[in-house]
Each structure stands twice: as structure tokens, then as C-alpha cells.
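The chain contents come next:
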Amino acid sequence: MSDIPQERRVLTAIPGPKSAELQARRVAAVAAGVGSTLPVFTARAGGGIIEDVDGNRLIDLGSGIAVTSVGASAEAVVRRASAQLADFTHTCFMVTPYEGYVEVCEQLAELTPGDHAKKSALFNSGAEAVENAVKIARAYTKRTAVVVFDHGYHGRTNLTMGMTAKNMPYKQGFGPFAPEVYRVPVAYGYRWPTGAENAGAEASAQAIDEITKQIGAENVAAIIIEPVLGEGGFIEPAKGFLPAIAQFAADNGIVFVADEIQSGFCRTGQWFACEDEGIVPDLITTAKGIAGGLPLSAVTGRAEIMDAAHAGGLGGTYGGNPVACAGALGAIETMRELDLNGKAKRIEEVMKGRLREMRSKLPNGDIIGDIRGRGAMIAIELVKPGTKEPDAAAAGALAKACHAEGVLVLTCGTYGNVLRFLPPLVIGEDLLNEGLDVIEQAFAQI
């Protein structure tokens, strides 16, 4: 656990004067296309706290978008990465390999679902992992089409922008995109026309019908889905949907890929979110929570599929950097030692309980249309009271009110109306409850 005091402290306006000075320098030097949720400049971070350059301490309910699950300065990550830094920073695994890369691949084989023979390849970012999963699936199947889903997010590279559902801010003005990417419906229970109870069966039937008629199952290399759709609004596909799609893929020789970049590594109270309905993907992509904040990603899957690409066909200069691999081994050690799956389940219990209580106490509590998610991946969807009309303005106002009081929260959702909560799994319960108190006060304000 970090040595930063685990308590919220607001000394200045947020952002404070030192952050404002740095922001002026940033505007002059950093491209305008790189945004920030909150222009508060970090000095230190650890546990459930971000300390800024003005000495304010913010409760972190974002984890750098689900990255610092073990905390932003976890002891085992710092210890192992520091030791590796002293030995060597880089050789390129494709030139002279090293044990850390192999060890991370061994851990991934052990942790990911299924008891079949598995292999991995390591990269730098989530988008890179998704691109390589597509390359591997195409090499294995000798097919070209890729199927993705409404509300899905897969990255910002050219291929992954094409795979991502949401136009703004991810795709607008950046096309044309890679061909042979097809989008089909997902079982978004809260917004399914005939009700959440029908969404799993109806959406899977619709998706399979569209794939069969519009693409032809025999032309599909891969079906790629987030088991909990992150950027789209923390949508848990209605029960039955994922098993039906996975079975269709298996029946038709299609590689089923679980994109666990945001939902993996204990985030949902299981090592991987696809375990919830017993899904065993052919390939699984990971990043974000894998290395305690160091840039690392992976594709892990069935050995015969992973081996389909020719020698030299996979890789990259920095992929599986030795320092990042050391960080990953430290993060996995921390997850095991602290039972972060158990911690995530407890966070869900606390957060959902408090959020339901808020909804019942608010005069127009039906502004909270839906409370959803699993583990420490929880969201509320905000709507105009009495309707299901998305209320993005309310989500923005709530986030702003929380930020002013020293609680960092993030928004998301296809309609921009979802407040998402991704606390570090090591956050103290007192701090979590204090963050929820601030959220409750923010609701009273708006």
C-alpha cells in the first residue's frame, strides 16, 4: 500500500494554481487532440488517492481507466520493475529474448479460462492486442471478415477505429477505415425493446441471422466482443447472449475473441469477465490492469491458433518490454496475495447498495435509470426522469460536482449519459464510502 495518506484533502480550487500553470504550458506544447477528463496534474498516487501538484488529495474512482487496479505504486510492481530497470531496460525480445516475457506468458496460460494448451504474444497497448488477435484469426482461418457489436470499443488505430461503434470522439474525421468489419446487435438489457428478460435470446438470434445473411458464416475469421462493454456504458450483455454467440462461432469454425482489456484481471470479481457464464474464448486480449500501470498487452489463446502466424509475423520493437513484464509479474503477485477478486466483489456490494439507496432517497430518483456492472466495474445510466431518454448533461454536471469536491469519476456510454466507477481494487472501504458520500451530495446539487 502507498505511503500517501489515504484521505481526501481539498486545499485549493480544483484545479489549483500550480495545475493551472502546468495547463498553460500543456496547451502551448501538447496537441489539442489529446484531451483530459480533469486538468489536475498528478504529483503522487497510490492506494485510492491521487495527490496533485497543489497538495490536494483526490479519491480515485477511475484507476487511470481500469489500469491501476493494484494501486498506482504497488509495492511488488515497484520492487520488480526497479530491479529490472537496474539490469536492463530493453533488448527487443525478437533480437535476444529474456525470461520475464516467457514468465508472463506462462502466467497468462495459467490464469485465462480453459485447460487447453495455450500460448501468448505480448504487445504495448490494448488496440495493438486487438489488431494482432485479428491477424492471428485471419492467419488461422484463411478468412477475412471480422464481426463486432453495437456499443463496442476496441481502440484508436485504423483497424480498431473501424471496429469501435462510437463515432465521437474516436472516429470523426479519421476515415476511411479498414474494410471487412461488420457490426451486429448486442443484448443491451436496459434498452432492449421487448425488455431485459428477452434481450439475450432475441439479440443473439438477430446477430446470428445478420451474420448468416449479410456476411456468410464461412467468411468470418473472428467474432470479437467485450464480455462487459466498457466505453459503450458498462453494458453486461443479457444472460444467454454470450454463450449463444460463442456456440455459433464454435459451430462455424470462427475464432471467438474475448476483449478483456478493460474487464480483465480481477476487475469484475473474477480473473476474467467471460468466466461469469463459463465462456472459454479461443483468444483473449488483455492490457490495462495487466502491469500495474506499465504499458503491456497480450493476446493469449489456443496454441494451434496462436501458432498459425508465420515466424516473424507477430511482434514489435517494444512488445513485452522487460520492465513492463516485471511490472506484470508484480501486479499478478499482488492480485493473488491480496485476493483482489474478493476485494472487487466487496466493492460491488458496497457500491450497489449505496447507489440503490441514493436512487430510493432522491426526490426524482428515476434519473438513475439503471445501476449495473460487476465487481469494481460499476455504472449508473442517467436519464430524464420518467423516461429512458439519455441525460448526458446530468452525467457531465455530476462528474463536475464530484471533481470540485476532490473525487475523480469518469463518464462513458454511447449516449454520454453513464457515470462509471473503476476504483483501484486496493481502495479502503472508508475512502470508498466517502467517495459515495460526495456522489450523493452531487446528486442533491443537480
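Above this text sits the structure in question.
Residues numbered from 1 in each chain as written. Predicted model: local features only at pLDDT ≥ 70, side-chain atom pairs only at ≥ 80, totals over all residues. Heavy atoms only, no water.

Remarks on the pairing of strand β9 (residues 283-286)
Two faces, one strand: in a regular strand the side chains alternate between the faces of the sheet. Heads up, the rule is: Residue burial is assigned from relative accessible area. The probe radius is 1.4 Å, only protein chains are included, and a residue is buried under 20% of its type maximum, exposed over 50%, and partly exposed in between. In DSSP terms, a helix is any run of H or I states spanning at least four residues, a strand is any run of E spanning at least two, and both are numbered starting from the N terminus. By definition, two strands form a pair when at least two bridges between them are found by DSSP.
Taking every second residue as pointing to the same face, both faces of β9 are buried, with Leu283 and Thr285 on one and Ile284 and Thr286 on the other. Two strands pair when backbone bridges link them, and strand β8 (residues 255-259) and β9 are joined in this way by three bridges, in the parallel orientation. Residue pairing across strands places Asp259 opposite Thr285, the latter belonging to β9. Pairing of β9 with strand β10 (residues 297-302), which is carried by four bridges, proceeds in the antiparallel orientation. Residue pairing in the sheet places Thr285 in a bridge with Val299 of β10.

With respect to the sheet that holds β8
Formally: Fitted lines through C-alpha atoms serve as axes, helices being fitted only where they are in contact, and the angles separating the N-to-C directions of these axes extend from 0 to 180 degrees.
Here seven strands make up an open sheet; going across it, the order is β4-β10-β9-β8-β7-β5-β6 and the pairing mixed. Looking at strand neighbours, the two that pair on one side only are β4 (118-123) and β6 (181-184), the edges of this open sheet. Within the sheet, the average angular offset between the axes of one strand and its neighbour, ignoring direction, is 20°.

What to know about the state of the cysteines
Put simply, the test is: Only a pair of cysteine sulfur atoms within 2.5 Å qualifies as a disulfide here.
According to the stated counting rule, one finds zero disulfides in the structure shown. Cys412 provides the cysteine sulfur closest to Cys402, a residue in no disulfide bond, and the two sulfurs are 14 Å apart. Its relative accessible area of 0% is what places Cys402 among the buried residues.

A short note on the packing of helix α11 (residues 340-361) against helix α13 (residues 429-445)
Convention followed: Angle categories: roughly parallel below 35 degrees, roughly antiparallel above 145, roughly perpendicular from 65 to 115, and oblique for all the rest. Two helices crossing with the near one rotated counterclockwise from the far one by less than a right angle form a left-handed crossing, whereas a clockwise rotation gives a right-handed crossing. Contacts between residues were defined by any pair of non-hydrogen atoms, one from each residue, lying within 4.5 Å. Polar here means any residue outside two lists: the nonpolar Ala, Val, Leu, Ile, Met, Phe, Trp, Tyr, Cys and Pro, and the charged Asp, Glu, Lys and Arg; Gly therefore counts as polar.
At a minimum axis distance of 11 Å, the contact between α11 and α13 shows a crossing angle of 20°. Taken together, the axes of α11 and α13 are roughly parallel relative to one another. Judged by the sense of rotation from one axis to the other, the crossing of α11 with α13 is right-handed. Residues Arg346, Ile347, Val350, Met351, Arg354, Leu355, Met358 and Lys361 of α11 form the contact with α13, whose participating residues are Glu429, Leu432, Asn433, Leu436, Asp437, Ile439, Glu440 and Phe443. In the contact of α11 with α13, the residues fall into nine nonpolar, one polar and six charged.

Observations concerning helix α5 (residues 126-141)
The periodicity of an α-helix, 3.6 residues per turn, causes residues three or four positions apart to be oriented the same way. To be explicit about the condition: To estimate how far a helix should extend, the number of its residues minus one is multiplied by 1.5 Å.
With 16 residues, α5 ought to run about 22 Å at 1.5 Å a step, and its terminal C-alpha atoms sit 23 Å apart, in line with that. Listed in full, the buried residues belonging to α5 are Gly126, Ala127, Ala129, Val130, Asn132, Ala133, Val134, Ile136, Ala137 and Thr141. Once α5 ends, the next one or two residues include Lys142, with phi positive near 60°.

What to know about the side chain of Glu381
Inclusion rule: For the purposes of these results, a polar contact is taken to be a pair of N or O atoms within 3.5 Å, where, inside protein, one atom must be able to donate a hydrogen and its partner to accept one; residues adjacent in sequence count only when each atom of the pair is a side-chain atom.
As for its position among the elements, Glu381 is in strand β12 (residues 377-382). Residue classification places Glu381 among the buried positions, given a relative accessible area of 0%. Among the polar contacts listed, one links the side chain of Glu381 to the side chain of Tyr188, at a separation of 2.7 Å.

Here we look at the side chain of Arg372
Assignment of secondary structure puts Arg372 in strand β11 (residues 368-374). Looking at Arg372, its side chain comes within polar contact range of the main-chain oxygen of Phe234, at 3.2 Å. Polar contacts involving the side chain of Arg372 include one to the side chain of Asp370, which spans 2.8 Å.

Looking at the nonpolar core
For soluble globular proteins, the rule of thumb is that nonpolar side chains tend to be buried together. We count it as follows: To qualify as a nonpolar core, a set must consist of buried Ala, Val, Leu, Ile, Met, Phe, Trp, Tyr and Cys residues joined through side-chain atoms within 4.5 Å.
In this structure, Ile223, Phe421 and Phe443 are the most contacted members of the largest nonpolar core, which totals 122 residues. Setting aside residues no more than four positions away along its own chain, Ile223 makes contact with Val147, Phe149, Ile211, Ile245, Phe248, Ala249, Ile254, Val255, Phe256 and Val257.

Considerations on the environment of Gly175
Positionally, Gly175 belongs in the loop between α6 (158-163) and β6. Along the backbone, Gly175 and Met161 are 14 residues apart, and their C-alpha atoms lie at a distance of 8.7 Å.

Details of unusual backbone geometry
Backbone torsion omega between Ile14 and Pro15 reads 0°, so that peptide bond is classified as cis. Here Pro15 is to be found in the segment before α1 (17-29). Of the consecutive residues Met168 and Pro169, the connecting peptide bond is found in the cis state with omega at 0°. Positionally, Pro169 belongs in the loop between α6 and β6. A positive phi angle, close to 60°, is found at Phe265, a residue other than glycine. Mapping Phe265 onto the fold places it in the loop between β8 and β9. Relative accessible area serves as the criterion here: at 1%, Phe265 is assigned to the buried category. The phi dihedral of Cys266 is positive, around 75°, even though this residue is not glycine. Among the secondary structure elements, Cys266 is positioned in the loop between β8 and β9.

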